Amino acid sequence: MKFVLWGTYAADALERRTPYRDEHLAGLQRQKDEGVLLTLGPTADTSRVFGLYEADDQETVESLVKGDIYWRQGIWTAVEVYPWIQAF
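To start, this report covers the structure provided alongside it. (Residues numbered from 1 in each chain as written. Predicted model: local features only at pLDDT ≥ 70, side-chain atom pairs only at ≥ 80, totals over all residues. Heavy atoms only, no water.)

1. As for the sheet that holds strand S2 (residues 37-42)
What holds strands together in a sheet is hydrogen bonding between their backbones, with the strands either parallel or antiparallel.
Piece 1. Strand order in the open sheet made by the four strands is S2-S3-S1-S4, with antiparallel pairing throughout. In the strand order of this sheet, the two ends are held by S2 and strand S4 (76-84), each with one partner. The average angle at which neighbouring strand axes cross in this sheet is 10°, direction not considered.
Piece 2. As paired strands, strand S1 (residues 2-9) and S4 are joined by eight bridges and run antiparallel to one another. Along S4, the bridge assignment pairs Thr8 with Ala78.
Piece 3. Lying over the sheet, helix H2 (residues 21-33) contacts S2, strand S3 (48-54) and S4, oriented at roughly 150° with respect to S2. (Pairing = 2+ DSSP bridges. Helix = DSSP H or I, 4+ residues; strand = E, 2+ residues; numbered from the N terminus. Axes fitted to C-alpha atoms, helices over the stretch in contact; angles between N-to-C directions. Contact = heavy atoms within 4.5 Å.)

If you want it as structure tokens, here you go:
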């Protein structure tokens, strides 16, 4: 099943993420290697984060997101995960 993630960044995310960026990217790479994460990244103005996941259930995706260092350090300020139907 596929899921879409929408979230928001802290206003000062670019500065705050610096000490956590390597851990964040390594975690995303592990998720990608496992086939759970399809893509993830910020909007051009870095106010929002968007991601696509493929997992057995929504709880798996939410657990990965809430375990991310960006969530734990308040760089992501809100996240919402929705089941997604790929039409094309």
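2. Some thoughts on the nonpolar core
Piece 1. Ranked by internal contacts, the top residues of the largest apolar core, which has 18 residues, are Tyr9, Tyr53, Val61, Val65 and Trp76.
Piece 2. The set of elements that each furnish at least two residues to this core consists of S1, S3, helix H3 (58-67), helix H4 (69-72) and S4.
Piece 3. Those residues in contact with Tyr9 that sit more than four places away from it in its chain are Pro42, Thr46, Ser47, Arg48, Val49, Tyr70, Ile75, Trp76 and Thr77. (Core = buried A, V, L, I, M, F, W, Y, C linked by side-chain atoms within 4.5 Å. Buried < 20%, exposed > 50% of the residue type's maximum accessible area, 1.4 Å probe, protein only.)

3. Some thoughts on H2
Piece 1. End to end, H2 covers 18 Å across 13 residues, agreeing with the expected 18 Å (1.5 Å per residue, within 8%).
Piece 2. For H2, the elements touching its buried residues are S2, S3, H3, H4 and S4.
Piece 3. In the stretch just after H2, Gly35 is the one whose phi turns positive, near 85°. (Expected span 1.5 Å × (residues − 1).)

4. Re unusual backbone geometry
Piece 1. For Thr46, which is not glycine, the phi dihedral falls at a positive 50°.
Piece 2. Within the element layout of this structure, Thr46 appears in the loop between S2 and S3.

5. Here we look at the pattern of salt bridges
Piece 1. Taken as a whole and assessed by the stated rule, the structure comprises two salt bridges.
Piece 2. With a shortest N-O distance of 3.8 Å, Asp12 and Arg16 are connected by a salt bridge.
Piece 3. A relative accessible area of 35% means that Asp12 is categorised as partly exposed. (Salt bridge = Lys/Arg side-chain N within 4 Å of Asp/Glu carboxyl O.)

6. A look at the side chain of His24
Piece 1. Mapped onto the fold, His24 is located in helix H2.
Piece 2. Residue class for His24 comes out buried when judged on its relative accessible area of 4%.
Piece 3. Here the side chain of His24 touches Asp68 through a polar contact of 2.9 Å, side chain to side chain.
Piece 4. With near-sequence residues (within four places) excluded, His24 lies in contact with Asp68, Ile69, Tyr70 and Trp76. (Polar contact = N/O pair within 3.5 Å; in protein donor to acceptor, adjacent residues only side chain to side chain.)

7. Some words on the pairing of S2
Piece 1. For S2 and S3, the ladder comprises five bridges, and the chain directions are antiparallel. When the bridges of S3 are listed, Thr39 appears paired with Leu52.
Piece 2. Hairpin geometry of S2 and S3 is characterised by an intervening segment of five residues between the two adjacent antiparallel strands and by a positive phi of about 50° at Thr46.

These figures capture arrangement, not role.
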